Structure formats: C-alpha cells, structure tokens
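Spelled out, the chains give:
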Amino acid sequence: MPHLRTLLGLATALGTAATALTIGAAPASATACDPALVAPAGSLVGNLWRSNGGETSAYGCPTSKEYGFASQRGSYQTFRNGKIVWSPNLGGGTLVRAYYAKGKAVFRWSGLGRDWDFFNVRWSRDGGKATQVKVGRLTPWSGVYSVDPTCVDGYCITSNGHGGLTKATFIVQGCDRGTFSSDCGPWSIATSVKVPY
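Conventions adopted
- Residues numbered from 1 in each chain as written.
- Predicted model: local features only at pLDDT ≥ 70, side-chain atom pairs only at ≥ 80, totals over all residues.
- Heavy atoms only, no water.
- Helix = DSSP H or I, 4+ residues; strand = E, 2+ residues; numbered from the N terminus.
- Buried < 20%, exposed > 50% of the residue type's maximum accessible area, 1.4 Å probe, protein only.
- Contact = heavy atoms within 4.5 Å.
- Areas by Shrake-Rupley, 256 points an atom, 1.4 Å probe, with all protein chains shown as cover.
- Disulfide = S-S within 2.5 Å.
- Pairing = 2+ DSSP bridges.
- Core = buried A, V, L, I, M, F, W, Y, C linked by side-chain atoms within 4.5 Å.

Check the secondary structure of the protein and you find two helices and 13 strands. Put simply, the protein has 197 residues, and 37% of those count as buried. The long-range share in the protein, meaning contacts at least 24 apart out of those at least 6 apart in sequence, stands at 52%. For the protein, the accessible surface area stands at approximately 11300 Å², while carbon and sulfur atoms represent 57% of it.

Structure below.
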C-alpha cells in the first residue's frame, strides 16, 4: 500500500504541475509583431492596420517601417500579406491597400475626398500591360476589387509545383457620370501585393 500511495501522490503532483503550466502565463505568441515596425498612433496607415485587427488582420505583421515617398506627398508600409499606402492626392485621408486572401489579390480604397459615382481601377501583373475595370462603390468614398493575378485572359501561370510569386499592382480614380462622358479625378499612388502560385 505505501507504494500505491506514493504513486498516487506522484500522479497528483504531476497533474497539479501540468495544470499550473496550463493556467500559468502563456508563452509569447509566435505571430507577435516586431514593435519597432508598428506605425505609431496618429499614423493613418498604422491606425487602419490596428482598426482591422493588427497582427490578426488580413495584412498580418508589418515587414517594414512606414516610409514617405521621396518624390511626392504620401507614405507606405509593407506587411506580411500586402501593403497600405496613404495617397493624399485623392483626399487627406485616402488609403489604398492590397493584400493576399484566398488565392486572390484584394484591392481596397477609402477616404477619398469627395463623393464619386463609380471608380476606375487599373491593375497589372509583374509590371505588364494594365487592365482597367469599372467598379461600383461600397460607399461614395470607398470600394473594393479582387482578382486572381495568376490568370489573365484565360492564360494562367504555373510554377509546376516549385512555387512562385506574381506581383499585382493597383491604382484607382473616382469618377462621376456625365451626360456625354465621365468626369474623373486623379489616379491614386500605386499599391501592390505578391500572390503565390
């Protein structure tokens, strides 16, 4: 019987230790973002990223700091799954962004400085010929467009199982319907995302 009590005591002690480990402090998250790369409060790019869920958002963690453009007003930041660009030439709060989700390149825009009837989106694959599409609005100041950039005009690229990336680049402009033609604003600063194939 003393051996049985010893074994029961040991089993109880091990169970208590396992419970304490489970309940204790959780290990650091493997997906935690590098705090040095997170844009500060007050950054439009950083605020959008945080409001969409931060590291758990469609963008994932930042892979660079937020940088300004050398030749124009605006800024951008790259993320594990995409890129967010502040494009103030369309309005002070305009943000365009692209990210990879469910096999598609998703392009979103918001904060355009005025009410538009529809949007023109131009996109290209790996710097090739641009395709322009007319996109309805989500709101007068925002919209979304998604495409599988690995397939264009019935032609799909493949890596034959070796894996590869293709880059989809997007720009947008707002337009109003006119009697004989459309009146459109300027184009946004480009944003892009790399899509695996």
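Here Lys102, not a glycine, exhibits a phi torsion of approximately 50 degrees, which is positive. Looking at the element boundaries, Lys102 is found in the loop between β4 (95-101) and β5 (104-110). Of note in this structure, Asp126 is not a glycine but carries a positive phi near 50 degrees. In this structure, Asp126 sits in the loop between β6 (118-125) and β7 (131-135).

Bringing the environment of Ala105 into the picture now. Mapped onto the fold, Ala105 is located in strand β5. Taking the C-alpha atoms as reference, Ala105 lies 9.6 Å from Thr150; in sequence the two are 45 residues apart.

Next up on the list: the state of the cysteines. Per the stated rule, a full pass over the model turns up two disulfides. Across a sulfur-sulfur distance of 2.0 Å, Cys33 and Cys61 are joined as a disulfide pair. Where Cys33 bonds to Cys61 through sulfur, the torsion about that S-S bond is close to -85 degrees, and the disulfide is left-handed. Here Cys33, found in the loop between α1 (2-23) and α2 (44-51), pairs with Cys61, found in the loop between α2 and β1 (67-68); they are 28 residues apart in sequence, far enough to count as distant. A relative accessible area of 14% means that Cys33 is categorised as buried. A relative accessible area of 9% means that Cys61 is categorised as buried. Put simply, Cys175 and Cys184 are joined by a disulfide, and their sulfur atoms are 2.1 Å apart. Judged by the sign of its S-S torsion, about 110 degrees, the bond between Cys175 and Cys184 is right-handed. Among the residues examined, Cys184 registers a relative accessible area of 31% and is labelled partly exposed.

This part is about the pairing of strand β2 (residues 75-79). Of the two faces of β2, the one lined by Ser75, Gln77 and Phe79 is fully buried and the one lined by Tyr76 and Thr78 carries no buried residue. Bridging between β1 and β2 involves two bridges; their strand directions are antiparallel. Its bridge partner lying in β2, Tyr67 is registered against Tyr76. Pairing geometry for β2 and strand β3 (residues 82-86), over five bridges, is antiparallel. Bridge pairing in β3 links Thr78 to Lys83. The hairpin formed by β2 and β3 contains two residues between the paired strands.

Ranked by size, the top nonpolar core spans 21 residues in total, and within it Trp109, Val121, Tyr145, Phe170 and Val172 carry the most contacts. At the level of elements, β4, β5, β6, β8 (143-147), β11 (165-176) and β13 (191-196) are the ones that each hand at least two residues to this core. Beyond its immediate sequence surroundings of up to four residues, Trp109 is in contact with Leu95, Val96, Arg97, Phe119, Val121, Val135, Trp141, Ser142, Gly143, Val144, Tyr145 and Val172. If you look at the next biggest cluster of nonpolar residues, it comprises twelve residues, including Cys33, Leu48, Ile84 and Trp86.

Turning next to the side chain of Ser188. Counting through the fold element by element, Ser188 comes out in the loop between β12 (183-184) and β13. In contact with Ser188, not counting residues within four places along its chain, are Ser87, Asn89, Leu90, Val96, Ile171 and Val172.

With that out of the way, let us pick up the pairing of β7. Sheet topology places β6 next to β7; five bridges connect them, and they run antiparallel. Bridged to Asn120 within β7 is Lys134. Taking the residues between adjacent antiparallel strands as the criterion, β6 and β7 are bridged by five residues, where Asp126 takes a positive phi near 50 degrees.

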